[in-house]
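Read off the chains here:
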Amino acid sequence: MIKTDVCIIGAGPSGAATSLMLSNLKISHYIIDKEIFPRDKACGDGLILYAYKVMKLLGNNLFEEFLNHPKFLHSKRIKLHINNKQHILFSESEDRDMLISYAKRIDFDHFLVEHLSETYAQKEFGNGVKSLEEKPAGILIKLKDGKEILAKIIVGADGAQSIVSKKLANNKIDTKNMSTFVTAYFNGVKDIPKGNDAEVRIIYKNMPLFFYVFPFANGDSNVTLGGNSNQIKKYNINLIDEIENIISTNENIQHKFTNATRIGKWRGWVIPYRFEKQKMIGNRFLLVGDAAGLANAFYKEGIGTGMMSGVIAARNIERSLKYNDFSESFLKNYEVEIKNEFGKLLKFSFYMLKISRFKRLFSLVVFIFKKRISKKSFRIIKKRSY
Ligand SMILES: Cc1cc2nc3c(=O)[nH]c(=O)nc-3n(C[C@H](O)[C@H](O)[C@H](O)COP(=O)(O)OP(=O)(O)OC[C@H]3O[C@@H](n4cnc5c(N)ncnc54)[C@H](O)[C@@H]3O)c2cc1C
């Protein structure tokens, strides 16, 4: 049996950021993923706010390499259209580089994994976790190939269907606080704005559906649609039919798709937003990213918040190792720090999503606060970004 102080399960952005921060703190650890990188993940592929903040904070030239990566594209503007009638423009100031970046997950996640430390990170990829068992000396992790690892503390960074969340925290799948999205890549999408602005639309179909078109450096685009999982079920919405209908008939969108071809299949997946609605810590474990339900309910930032939670988790693990205390009560500090970092923003976004269900009320709120939102967004962006 292998023995280690720390084991991270999942090497997506949240697990990779945890590993990079642990390495900065000179803490040796295991990092496991059932996949071999580069591996793909259904996503909108948009990076904002915390993704920048974390890459900068992690140092080692990560942020600079990200900015200069030939496959990643950066833009200064996001245009949020509400029901074809109103829009809010979020734009970066002249002196700053970008507000949103587009990076296919197959490339971005690989980019992060390639930066994992050769000294401190022991990688175990292509080998999934089969079971977890609490032992007096730690958590026993059994892998698909029969290997066993005993860790003093583990990090559940294994996404929306986390085995750590299910088995150790006893969290249940909660479709009320979850979104379902479908996404596909296209080539030949026309009329992408000059500055590669992100196109985000709220389209009402008994419920608000969020529609995104994000362009890439190679000319492909990511096209995505989704909304609250419970409501999609309630209104019997078939997201694939719906998005195909939008791109072929919506008067503001169809012209972009006249010569566009879908590359590959539509892929669906979920985004849990369960901040303060689920357990995030317990004896000898912490959850980060989607496993902890930390995505933003309204604008669906899950990569950046996941990465930031990884950094906070690593700092708390350092503390646990120092005091040799891995108890739930000692790890409470992780929860407090997550709340301090994201609490207000995630709650605000949660209520924005709730209001957006009421089309008229939401339009009125946007009408009243539009100027203030656009003006204030600079401050928010700067504080939570780079
Ligand atoms: C369609 C869609 C569009 C989205 N668009 C955006 C967007 O534009 N911007 C944004 O910021 N967020 C977006 N999100 C959310 C974002 O994808 C997630 O929040 C983000 O991937 C969370 O990262 P993570 O590292 O926590 O989990 P993941 O990226 O899911 O990584 C989890 C890792 O754990 C591994 N794993 C799982 N189970 C096991 C196991 N048993 N053993 C070993 N390894 C395991 C997996 O292989 C995977 O590599 C979108 C989500 C969807 C579904």
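Here, the structure is the one placed above.
This structure is a prediction, so every number in the text was calculated from the model and none was measured. (Residues numbered from 1 in each chain as written. Predicted model: local features only at pLDDT ≥ 70, side-chain atom pairs only at ≥ 80, totals over all residues.)

**Looking at the overall build of the chain**
Thought 1: The helix and strand inventory of the chain stands at 10 helices and 18 strands.
Thought 2: At 21 Å, the chain has a C-alpha radius of gyration in line with the 21 Å of a compact globule built from 386 residues.
Thought 3: Burial analysis of the chain (386 residues in total) assigns 44% to the buried set.
Thought 4: In the chain, the share of contacts with a sequence separation of at least 24, taken over all contacts with a separation of at least 6, comes to 72%. (Helix = DSSP H or I, 4+ residues; strand = E, 2+ residues; numbered from the N terminus. Rg over C-alpha atoms; globule rule 2.2 N^0.38 Å. Buried ≥ 20, exposed ≤ 12 C-beta atoms within 10 Å, placed from the backbone. Contact = placed C-beta atoms within 7 Å.)

**Some remarks on the pairing of strand E9 (residues 129–135)**
Thought 1: Pairing analysis gives 6 bridges linking E9 to strand E10 (residues 138–143), with the strands arranged antiparallel. Among the inter-strand pairings, Lys 135 is bridged to a residue of E10, identified as Gly 138.
Thought 2: The antiparallel pairing of E9 with E10 creates a hairpin that spans 2 residues between the two strands. (Pairing = 2+ DSSP bridges.)

**Digging into the nonpolar core**
Thought 1: In terms of nonpolar packing, the biggest core is built from 104 residues, with Cys 7, Ile 9, Ala 51, Val 54, Ala 151, Ile 154 and Leu 286 touching the most fellow members.
Thought 2: Beyond its immediate stretch of four places on either side in the chain, Ile 154 contacts Cys 7, Ile 9, Ile 139, Ile 141, Val 164, Arg 284 and Phe 285. (Core = buried A, V, L, I, M, F, W, Y, C linked by C-beta atoms within 7 Å.)

**Quick look at the sheet that holds strand E13 (residues 198–204)**
Thought 1: Spatial strand order, E6-E5-E13-E14-E15-E12-E16: 7 strands in an open sheet with mixed pairing. In this open sheet, the two strands that pair with only one neighbour each are strand E6 (86–91) and strand E16 (261–272). In this sheet, adjacent strand axes meet at a mean angle of 15° when their direction is disregarded.
Thought 2: Relative to the sheet, helix H7 (residues 239–249) contacts strand E12 (178–187), E13, strand E14 (208–215), strand E15 (220–228) and E16, its axis offset from that of E15 by approximately 125°. (Axes fitted to C-alpha atoms, helices over the stretch in contact; angles between N-to-C directions.)

**Section: helix H8 (residues 303–323)**
Thought 1: Its 21 residues place the ends of H8 31 Å apart at the C-alpha level, agreeing with the 30 Å of an ideal helix rising 1.5 Å per residue.
Thought 2: Most of H8 is tucked away, with 15 of its 21 residues classed as buried. (Expected span 1.5 Å × (residues − 1).)

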